[in-house]
Amino acid sequence: MAKFNRYLITAALPYANGPVHIGHLAGCYIPADIYVRYLRAKKADVKFIGGTDEHGVPITIRAMKENTTPQAIVDKYYKIINDSFEAMGISFDIFSRTSREIHHKTSADFFLKMYNDGLFETRESEQYFDEVKQVFLADRYIIGTCPNCGNERAYGDQCEVCGRTLSPEELINPRSALSDAVPVKRKTTHWYMPLQNYEPWLKEWLLDGHKEWKNNVYGQCKSWIDSGLQSRAMTRDSNWGIKVPLPDAEGKVLYVWFDAPIGYISATKELTPNWADYWCKEDTKLVHFIGKDNIVFHCIIFPSMLKAHGGFVLPDNVPANEFLNLEGEKISTSRNWAVWVDEYLQDFPDQQDVLRYVLCSTAPETKDNDFTWKDFQDRNDNELVGNLSNFVYRTMVLMHKLCGGKVPPIHADVKDDKDDAVLPMLQAAKQKIEDALENYRFREALQEMMNVSREGNRYLQEKQPWILAKTPELQAQNQAVIDNCLHMCLQITANLAIFANPFMPFTAKKICHLLKVVDRMLEWENAGTLNLVKVGYSLRAPEMLFTKIEDEKIKAQVDKLQATKAAAAPAANGTPAPAKDAAPAKEAVAPKAEIQYDDFAKLDLRVGTIIQAEKVEKADKLLKLLVDIGTEKRTVVSGIAMHFKPEEIVGKQVTLVANLAPRKMRGIESQGMILMAEDNGKLVFVNPAEVVAPGSGVS
RNA sequence: UGCGAGGUAGAGCAGAGGUAGCUCGUCGGGCUCAUAACCCGAAGGUCAGAGGUUCGAAUCCUCUCCUCGCUACCA
């Protein structure tokens with residue numbers, strides 16, 4: 001421990017094309033946050049770095065499909081992701097983004113330094129090109145018929161139906177996933193990093209020097225290194241990303257896996273002018289928290305880059321976690337099989353610590369694990385409510401009933417073995433939690449913390465102060481025993497706040513509030529002592545730290561998941577579901593910017609009746625409607641043909657935006673817009689609950 | 001296909017040659033300060049399967065099966 005004087009902790013940069021889900025939290029962000037909070041409690045000099053990864057081909061493709069810009073996509077998800085982390089108490093010192101100027105400069109400089117030192121080789125290769133969209137295509141974005149099983153939607157790198165690994169050449173009838181065009185080969189030049197040159201060094205630094213790394217991490221690295229490394233392209237053909245800082249490099253950007261980890265450096269620069277202390281001094285302990293899919297990049301490629309560039313510290317550890325499943329199935333963003341953090345926060349307000357607790361205790365530290373809502377409820381009800389919350393509550397209640405609401409004194413003359421055992425128990429727990437945390441065994445640390453509460457309950461049960469209080473004739477001597485017991489219970493409660501703080505910071509603060517102590521009590525050095533609450537202090541009224549979760553709430557969550565399955569089912573029969581290719585089923589709802597009443601008042605909303613409806617020729621989605629708004633009849637073109645037949649909507653009342661600037665669609669001028677509610681892809685008319693006169697205003 | 005990690009009680013995990021353990025659930029009992037919470041006790045395992053080494057194997061070796069990841073242009 002003495003070896004390091006400061007800590008630099010990073011958590012994988014989430015990719016900004018979707019919100020974060022519980023798998024992200026369990027695998028990476030919660031362990032990282034626990035570690036960081038523990039270090040801060042020990043008053044260590046620590047910086048916790050995070051941010052979104054905003055480059056890469058998938059974002060550009062998504063933008064193309066949604067007819068928007070990559071920037072719009074990353075802006076949207078940066079906000080959602082950042083808000084989710086903040087609300088969950090993931091205590092980043094900075095949560096930056098790789099689209100920021102400082103990152104562009106840092107990455108470009110990093111590349112340039114390596115370039116100037118002659119550490120890249122250039123190679124020309126032939127890549128598939130989409131002539132319609134004018135972009136190079138990654139293998140993944142070429143679709144064709146699988147030569148093995150005949151699946152017509154096999155990807156250029158793999159067939160999802162038979163699992164066979166493919167190359168685009170093998171596909172029968174290959175076409176671009178973006179435009180359906182037949183891809184052509186085109187020559188392109190890229191800068192490669194010869195990773196094989198770093199092999200001897202990697203063997204020494206990683207294989208010999210870091211045998212203490214987790215099995216899954218070490219094993220995978222060893223396998224890569226032993227099988228021989230190759231040159232790897234560090235640039236791509238794209239116009240979204242960090243421009244290659246060289247002449248004649250138009251249309252070339254840095255490979256996202258080159259720039260993303262440099263994001264840790266840029267974010268630190270953005271955070272503090274002393275960034276170099278954290279990145280360049282040998283007495284800094286750098287730890288990367290990631291999921292198992294990121295192992296080679298963080299353990300082999302990025303360290304090789306740092307080594308090649310020179311002047312940077314290398315990771316001391318990369319405690320990668322495995323994956324979290326959900327109700328027995330893999331979490332899937334595209335199939336919407338996930339518990340989204342932003343939705344959890346809405347559905348379970350102020351219950352961040354429940355999720356933090358459950359995800360930590362079921363974290364996939366050594367193998368993939370399963371999250372189920374039933375387990376979530378059980379752990380909350382049995383462990384948090386039954387054990388922890390209950391101990392604190394009964395301590396507070398008894399203290400009020402039997403000790404006048406004040407911290408009772410210790411009476412040395414009646415102290416017994418059980419009282420004396422409390423201090424060593426707390427000290428042993430502190431030691432065990434420290435050992436576990438410093439070795440990245442978070443589940444174990446959490447269990448030790450809960451064990452303290454369990455010991456507290458047992459102690460209280462053995463002393464039975466409520467029995468002693470029932471014999472008034474012995475009041476004088478019994479009160480001393482009661483005092484000792486509750487004094488100890490209160491000290492245990494205070495210790496619990498310190499122990500719980502890294503895992504459940506919101507709960508730790510609640511305990512501080514109950515005990516009327518300041519947050520500084522949570523400093524780690526205070527753990528394992530018995531002078532945290534002062535004799536004679538009057539404390540607050542008892543409060544439950546956690547409450548049971550009703551069955552209906554759990555059922556609602558399970559139903560919500562099952563509904564996504566049902567929604568996906570029709571696509572599954574017939575043609576194979578284009579799972580990853582489909583636009584994510586979830587449209588996260590980012591709240592729009594606040595507006596003033598005047599902005600709202602500009603809208604002219606009116607109720608109208610549809611008096612005519614017909615399909616627009618050569619357009620699958622459009623219906624041409626004639627809407628009667630009392631004073632006049634408006635022609636409106638509406639994109640609802642997939643949802644309604646013309647004949648079934650004639651006579652319906654609708655809400656019309658009457659002062660929207662007219663717009664021509666398919667040659668027809670649309671004079672307004674009809675309000676629709678969207679429920680998971682299903683459209684529903686927004687109209688008055690009762691029929692009103694055509695032209696009635698809406699406000 | 002190859003490589004890596006994992007497979008231990010209903011669930012989640014620990015144990016790395018010497019009597020299979022912890023938390024939760026289940027069952028039985030106790031208690032009443034505490035939200036049927038708390039405390040005590042019990043049941044529940046051919047340690048994925050097969051073979052081998054050994055006085056002795058969950059643990060070491062060989063083979064097989066299952067899950068997940070990586071397999072170098074998904075990020």
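Residues numbered from 1 in each chain as written. Chains lettered and ligands numbered in written order. Predicted model: local features only at pLDDT ≥ 70, side-chain atom pairs only at ≥ 80, totals over all residues. Heavy atoms only, no water.

This brings us to the protein's contact with RNA strand B. For RNA strand B, the set of nearby residues contains 56 residues, the closest of which are Gln 127, Ser 223, Lys 292, Asn 369 and Asn 390. Per the 4 Å cut-off to the protein, sugar and phosphate atoms form 76% of the nearby atoms of RNA strand B. Here a base nitrogen of RNA strand B and a side-chain polar atom of Gln 127 are 2.2 Å apart. Take Arg 454: an N or O atom from its side chain is 3.5 Å from a sugar or linking oxygen of RNA strand B. Among the elements of the structure, helix H2 (57-65), helix H6 (215-226), helix H7 (256-271), helix H12 (373-403), helix H14 (442-463) and helix H15 (465-468) are those that each provide at least two residues to the surface near RNA strand B. Ranked by residues supplied to the surface near RNA strand B, first place goes to H12 with 11 residues. (Near = heavy atom within 4 Å. Polar contact = N/O pair within 3.5 Å; in protein donor to acceptor, adjacent residues only side chain to side chain. Helix = DSSP H or I, 4+ residues; strand = E, 2+ residues; numbered from the N terminus.)

Further remarks concern the UniProt feature "binding site: Zn(2+)" (unreviewed entry) in chain A. Annotation from UniProt places "binding site: Zn(2+)" (unreviewed entry) at Cys 146, Cys 149, Cys 159 and Cys 162. Along the chain, Cys 149 falls in the loop between strand S6 (142-145) and strand S7 (154-155). According to the relative accessible area criterion, Cys 149 is partly exposed, its value standing at 36%. When you line up the elements, Cys 159 lands in the loop between S7 and strand S8 (172-176). We classify Cys 159 as buried; its relative accessible area is 0%. (UniProt positions renumbered as here; feature names shortened; annotations may be inferred. Buried < 20%, exposed > 50% of the residue type's maximum accessible area, 1.4 Å probe, protein only.)

Bringing the side chain of His 55 into the picture now. Looking at the secondary structure, you find His 55 in the loop between strand S2 (46-52) and H2. At 3.2 Å, the side chain of His 55 and the side chain of Asp 259 are in polar contact. In contact with His 55, not counting residues within four places along its chain, are Tyr 15, Thr 98, Ser 99, His 103, His 104, Trp 240, Gly 241, Ile 242, Val 256 and Asp 259. (Contact = heavy atoms within 4.5 Å.)

Taken in spatial order, the three strands line up as S16-S15-S17 in an open sheet, and their pairing is mixed. Single-partner strands in this sheet number two, and they are strand S16 (329-330) and strand S17 (369-371). Of the pairings in the sheet, the one linking strand S15 (residues 324-326) to S17 comprises three bridges and is parallel in character. Bridge pairing in S17 links Leu 326 to Phe 371. (Pairing = 2+ DSSP bridges.)

The residues that UniProt annotates with the feature "short sequence motif: 'HIGH' region" (unreviewed entry) are residues 14-24. Taken end to end, residues 14-24 has its terminal C-alpha atoms 8 Å apart, with 27% of it in helix and 0% in strand.

Glancing now at the pattern of salt bridges. Enumeration according to the criterion identifies 37 salt bridges in this entry. Three or more residues are tied together by salt bridges with common partners; here these are Lys 43, Arg 520, Glu 523 and Glu 525. (Salt bridge = Lys/Arg side-chain N within 4 Å of Asp/Glu carboxyl O.)

Helix packing for two helices is described by the angle between their axes and how far apart those axes are. For the pair helix H13 (residues 417-438) and helix H16 (residues 475-500), interaxial distance at closest approach is 10 Å and the crossing angle is 5°. The orientation of H13 relative to H16 falls into the category roughly parallel. Of H16, the residues touching H13 (which contributes Asp 419, Val 422, Met 425, Leu 426, Ala 429, Lys 430 and Ile 433) are Asn 484, Met 488, Ile 492, Asn 495 and Phe 499. In the contact of H13 with H16, the residues fall into eight nonpolar, two polar and two charged. (Axes fitted to C-alpha atoms, helices over the stretch in contact; angles between N-to-C directions. Parallel < 35°, antiparallel > 145°, perpendicular 65-115°, else oblique. Nonpolar A, V, L, I, M, F, W, Y, C, P; charged D, E, K, R; others polar.)

With that out of the way, let us pick up helix H11 (residues 352-361). Residues that lie three or four places apart on an α-helix share one face, since the helix turns once every 3.6 residues. Most of H11 is tucked away: 10 of the 10 residues are buried. Buried within H11 we find Gln 352, Asp 353, Val 354, Leu 355, Arg 356, Tyr 357, Val 358, Leu 359, Cys 360 and Ser 361.

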